[in-house]
Amino acid sequence: MLMEKLKVLHVDFAGCEGCNVSIIRAYPKLMNEIELDISYLRDGPPKYDEYDVALITGGACMNEPRILEELREIREKAKVIVAFGSCASLGGILRFARGGQEPRPDHRNFQPINSVIPVDYSIPGCPPTPQMLQSFFKFFMAGNESRLRLFKVTAGLKKLSGFDLIDDIVLTGLCIGCGACELSCPTGAIRLVEKRPTIIQERCIRCGTCYIRCPRASQLICLGGEKP
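The rules behind these values
- Along each chain, the written sequence defines residue order, and numbers are assigned to residues from 1.
- Per-residue local features of the predicted model are confined to residues with pLDDT of at least 70, and side-chain atom pairs are confined, for both listing and counting, to 80 or more; whole-chain, interface and lining totals are unaffected and use all residues.
- Here the side-chain values reflect all heavy atoms present in the structure, with hydrogen atoms and water set aside.
- Residue burial is assigned from relative accessible area. The probe radius is 1.4 Å, only protein chains are included, and a residue is buried under 20% of its type maximum, exposed over 50%, and partly exposed in between.
- Helical segments are the DSSP runs of H or I of at least four residues, strand segments are the runs of E of at least two, and each set is numbered from the N terminus.
- Here, a strand pair is defined by DSSP locating no fewer than two bridges between the strands.
- Working definition: a ring pair exists when centres of Phe, Tyr or Trp rings (six-membered ring for Trp) sit within 6.5 Å. Plane angles under 30 degrees give stacked, over 60 give edge-to-face, the rest tilted.
- As used throughout, domain bounds are those supplied by an automatic or database domain assignment.
- Between two residues, a contact is recorded if the distance between any of their heavy atoms is within 4.5 Å.
- Once two parts are joined, some of their accessible surface, as seen by a 1.4 Å probe, is lost; buried area is that loss totalled over both.
- Within this document, salt bridges are pairs made up of a side-chain nitrogen of Lys or Arg and a carboxyl oxygen of Asp or Glu, the two lying within 4 Å of each other.

(A) Expanded view of the pairing of strand S3 (residues 51–57). Judged by how many residues are buried, S3 sits mostly within the fold: seven of seven residues are covered. Where S3 and strand S5 (residues 78–84) come together, five bridges link them in parallel fashion. The residue bridging Val53 from the neighbouring strand is Val80, located in S5.

Quick look at the structure:
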């Protein structure tokens, strides 16, 4: 007996399109499990009044009432909200916005989606890989909550960055020098010096990727239910 496909809505707010590309690249291997309603693949408004999952990319501009209202509407029509990418999950590079730029100089305050609406799962990354989204839906459809716990707990966090990694893992002596943080950083902001991470401050975009990819940091989050 064939399972009914999940109805998945994608909505993009402020972002660089990198997360959107990852979603599109992931979709061919998900087509048998989900029906993706994404603006790139349709003309006009969303197809359905209700969805099983909504993937949200980009941060929430707190100076734009229309965006805040749209987020609340999405929360009403979707059973599960997934913040996909670091801007949606943790604020990311959008936290550096200070306004004063055309065409909308009033856009000066961007926050993660969970500052506006409850989020069920967050998948940080700048951008997350297509494989991460494929794995998420694999475990989600199987009801494997143990494999989704990191994403679920992260949904309750408001910020993570390389600075948190240094404070929580390196300076406390928990670092094992595996190099996962250095390999995962999209801007090269982390370098291993004598098998210990050091951060290049002006390169860190506060995406949280290093923290999530660190085996010790992610374990602490999952075990404790929150960032230590």
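(B) Geometry of the packing of aromatic side chains. Within this structure, the stated rule accounts for six aromatic pairs. An angle of 15 degrees between the planes, with centres 5.6 Å apart, marks the rings of Phe136 and Phe140 as stacked. Remark: Phe140 and Phe136 occur in helix H4 (residues 130–142); sequence separation between them is four residues, near one turn of the helix. Neither Phe136 nor Phe140 differs from the other in exposure class; each is buried. Look at Phe136 and Phe151: their rings are 6.1 Å apart centre to centre, the planes differ by 65 degrees, and that puts the pair in the edge-to-face class. Of this pair, Phe136 sits in helix H4 while Phe151 sits in helix H5 (residues 145–154), placing them 15 residues apart in sequence. You can call Phe136 buried: its relative accessible area is 1%. When its relative accessible area of 11% is taken as the criterion, Phe151 is described as buried.

(C) Local environment of the domain arrangement of the chain. Taken domain by domain, the chain consists of domain 1 (6–154) and domain 2 (162–224). A separation of 24 Å is found between the C-alpha centroids of domain 1 and domain 2. Taken together, the contact pairs 15 residues of domain 1 with twelve residues of domain 2. Roughly 1,100 Å² of surface becomes buried between domain 1 and domain 2 when both sides are summed, with 70% attributable to carbon and sulfur atoms. One can count zero salt bridges joining domain 1 with domain 2. Of all the secondary structure elements, the ones that give two or more residues to the side of domain 1 that touches domain 2 are helix H3 (86–90) and H5. By residue number, the principal contributor to the side of domain 1 that touches domain 2 is H5, which donates four residues.

(D) The arrangement of the pattern of salt bridges in detail. Enumeration over the complete set of coordinates arrives at nine salt bridges. Glu4 serves as the salt-bridge partner of Lys7, at 3.5 Å between the closest nitrogen and oxygen. Among the residues examined, Lys7 registers a relative accessible area of 22% and is labelled partly exposed. Judged by its relative accessible area of 63%, Glu4 falls in the exposed class. The residue Lys159 makes a salt bridge to Asp164 at a minimum N-O spacing of 3.9 Å. Residue Asp164 is classed as buried on the basis of its relative accessible area of 10%. Members of the salt-bridge network, linked through shared partners, are Glu64, Arg104 and Asp106.

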